[in-house]
Amino acid sequence: MMELVFGDQYSKWQVDTCKVPAACGLSGIISRDGKVLGGNVIIESMRVIHDRGNGLGGGFAGYGIYPEHRDHYALHIMFEGAEGRSACEGMLESELEIEAAEEINTRSVPAIQEAPELRRYFAVPRREKLARESIEPDDFMVRLVMSINTTVPGTFVFSSGKNMGVFKAVGFAEDVGEFFRLEEYNGYTWIGHGRFPTNTPGWWGGAHPFNILDWSVVHNGEISSYGINKRYLEMFGYECTLLTDTEVMAYLFDLLVRKHRLPLEVACSVLAAPFWKDIDSEADPERKALEQALRMTYSSALVNGPFAVIVGYSRGMVGLNDRIKLRPLVAAYKDDYLYVSSEESAIRQICPRPDRVWAPKAGQPVIGELKGDV
Amino acid sequence: MSKAATGREEELKSVTVDATGVYYRELNHRVRELVDEGYREIILDGVNGQRYIGDGLVDDVTIIINGVAGNDLGAFMDGPTVIVNDNAQDGVANTMNSGKIVVRGHAGDVLGYGMRGGKVFVTGDVGYRVGIHMKSYKEQVPVIVAGGRAGDFFGEYMAGGVMVLLGLGEEPPLTGDYLGTGMHGGNIFLRGPVFEDQLGKEVRQFPLDEEDRCFLEGLLEEFAADAGMDLSGVKTDEFSKLSPFSHRPYGNMYCY
């Protein structure tokens, strides 16, 4: 069970919700050649699976969308009030060299109400700050994001990677896409989410994707290991502030792949670990030893409960299911494109005749990576 | 609408509906209107993921779906024939009572959940948890046949009916783990060998008898005709038969 404590800071963004059955909708697309697509493509895909969400959260992440600022961290921040903004900007000013700061362009959409102030900042850590502590820029940024999200009232950094951005709100995915003028951005990877929250509040920060640095996660399901995962991540300085289980998934990828340098496939086998019965019957002794070591070392990073996730990162996109496939996931190839979605129809809407469509096996990641540089 | 309203000599009343971008509620409402107007063949073009098609219909009609059929296709259906000229998503034939669904493609997870009669033929693969909680009663015997393979939990808690996997062009094992776990009625026929470590502890392999062979031959013929496939290479002696060895696996549960 999640422990939910609502400070006053959440009151305005929170939408009243009753307990309803779960069925979030996911969709993702990557061009492995790095060809860019307008955000309208992922909106069209998500529109087909409208009924998997209930209007209490929708969102997208696009990669390759800020080529003009590709070397700067793009911070997307939501502010509930002027007080939070001024405190946050004070912190940004003292910690970062800010290249540009602007409002995130939105258009008025009747279905999207009570929007917080939405701004973005392109910035890098101040050199003297990094030198003083001899800290890596990525680690510095994670710490700053955690610090803002835990200490500044009514302020949440919801996107912090380079040349990518998360756009999310309370509403149906297609309305959220319209609101954020997604068609004006071009990316080589897009992931989308329509939310149907069950155990946690529908509020702006709780919409998917969840992001830290490079990693964005959209999720359908319920992470019953949330408590264990959260406490494990806290040991490494990650603070779960967004009141939703999925958040741990983004931090786990950052920890396992960026910090611990596990290959992506190995990180996936930590999250959706093979059952002991399958490890016991593994014929290859080297593989068996690896699987045993991973389960023992990373027992607290095992993600339990039903899940289908799509993870975006600058080099690619991953679709992954829990070990007994308690949530749907379909994948397709067409030329250099990989598609992953909760329903085949969401893929066929934007790719009527794929070369191959299949249902990935439980616990087996489907990975699409860029072939070259973009 | 009574079945007697359409005489046998009357020409088949057919209609085509463009379902492109039509919301599922509107589409299913339209299908019911057309059935009430006496149409006996309803062709739906441009379907892409609309849910609940054919659900609860009790009439002697044929629905032809051109496109990807959405979730819960034919749920609670009692009589109609549904032909899908593409793939189908999750929950096909949920608690279906009678009629037939033919999918000329693959189908998703939880196909035939709680199914209690009628037939589902899928030319390709089927997903996880297919035929779970299927049951039969007297002449009501649900049947699922798939031309490809299936995921884990095939026939979990199965209480009756028949499931067949042909594994055309596939190597065994044709299913994932937990095959027939908790099964206490019905039969599963898999083409090729079955591996003991896949089996739930309530099922065992049994030799096919003459009745099984005869039943399979008739079924394969019907499947081949509906699927438009040549199954002359498929022999009934290639199949393994799985059945529960107890009809009351939990009979002693509360006794000690």
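The rules behind these values
Residues numbered from 1 in each chain as written. Chains lettered and ligands numbered in written order. Predicted model: local features only at pLDDT ≥ 70, side-chain atom pairs only at ≥ 80, totals over all residues. Heavy atoms only, no water. Core = buried A, V, L, I, M, F, W, Y, C linked by side-chain atoms within 4.5 Å. Buried < 20%, exposed > 50% of the residue type's maximum accessible area, 1.4 Å probe, protein only. Helix = DSSP H or I, 4+ residues; strand = E, 2+ residues; numbered from the N terminus. Contact = heavy atoms within 4.5 Å. Salt bridge = Lys/Arg side-chain N within 4 Å of Asp/Glu carboxyl O. Polar contact = N/O pair within 3.5 Å; in protein donor to acceptor, adjacent residues only side chain to side chain. Nonpolar A, V, L, I, M, F, W, Y, C, P; charged D, E, K, R; others polar. Pairing = 2+ DSSP bridges. Axes fitted to C-alpha atoms, helices over the stretch in contact; angles between N-to-C directions.

*Asks:* I keep staring at the nonpolar core and nothing clicks. Help me out?
*Replies:* Ranked by size, the top nonpolar core spans 119 residues in total, and within it A:L92, A:F180, A:L182, A:W204, A:M249 and A:F253 carry the most contacts. Among the elements that take part in this core, helix 7 (residues 247-259) of chain A stands out by supplying nine residues, more than any other. If we ignore the near neighbours within four places in the chain, the residues touching A:F253 are A:W215, A:R258, A:L264, A:C268, A:L271 and A:V311. Ranked by size, the runner-up nonpolar core spans 50 residues in total, among them B:L73, B:V82, B:A93 and B:V126.

*Asks:* Whenever I open this one, the interface of chain A and chain B confuses me. Can you help?
*Replies:* Accessible area lost when the parts come together is the quantity often used to give the size of an interface. At the interface, 18 residues of chain A touch 18 residues of chain B. Counting every contact that joins chain A to chain B gives three salt bridges. Our count for the contact surface shared by chain A and chain B stands at 13 residue pairs in polar contact (both at pLDDT 80 or more). Ranked by the residues each element gives to the side of chain A that touches chain B, the list is headed by helix 11 (residues 344-350) of chain A, at four residues. When grouped by side-chain class, the residues that make up the side of chain A that touches chain B number seven nonpolar, two polar and nine charged.

*Asks:* Sorry if this is basic, but what is going on with the sheet that holds strand 18 (residues 366-369) of chain A here?
*Replies:* Hydrogen bonds between backbone atoms are what pair the strands of a sheet, whose relative direction is either parallel or antiparallel. All names here are of chain A. Read across the open sheet, the five strands follow the order 11-12-13-14-18; overall the sheet is antiparallel. The sheet terminates laterally at strand 11 (210-212) and strand 18, the two strands that pair on one side only. Strand-to-strand twist of the sheet, defined as the mean angle between neighbouring strand axes without regard to direction, takes the value 15°. Here four bridges tie strand 14 (residues 316-321) to strand 18, and the two strands are oriented antiparallel to one another. Note on strand 18: the bridge partner recorded for V318 is I367.

*Asks:* Would you mind going over the sheet that holds strand 17 (residues 356-358) of chain A with me for this structure?
*Replies:* All names here are of chain A. Taking strand neighbours across the sheet as the criterion, the seven strands line up as 8-3-10-1-16-15-17 in an open arrangement whose pairing is antiparallel. Each edge of the open sheet carries a strand with a single partner, namely strand 8 (164-169) and strand 17. When the angles between neighbouring strand axes are averaged without regard to direction, this sheet yields 10°. Note: strand 1 (residues 25-31) against strand 16 (residues 337-341), five bridges, orientation antiparallel. Looking at the pairing, G28 lines up with V340 of strand 16. Across the sheet, helix 1 (residues 40-48) is in contact with strand 1, strand 3 (58-63) and strand 10 (189-194); its angle to strand 1 comes to roughly 145°.

Interpretation note: all reported values are geometric properties and have no functional meaning in isolation.
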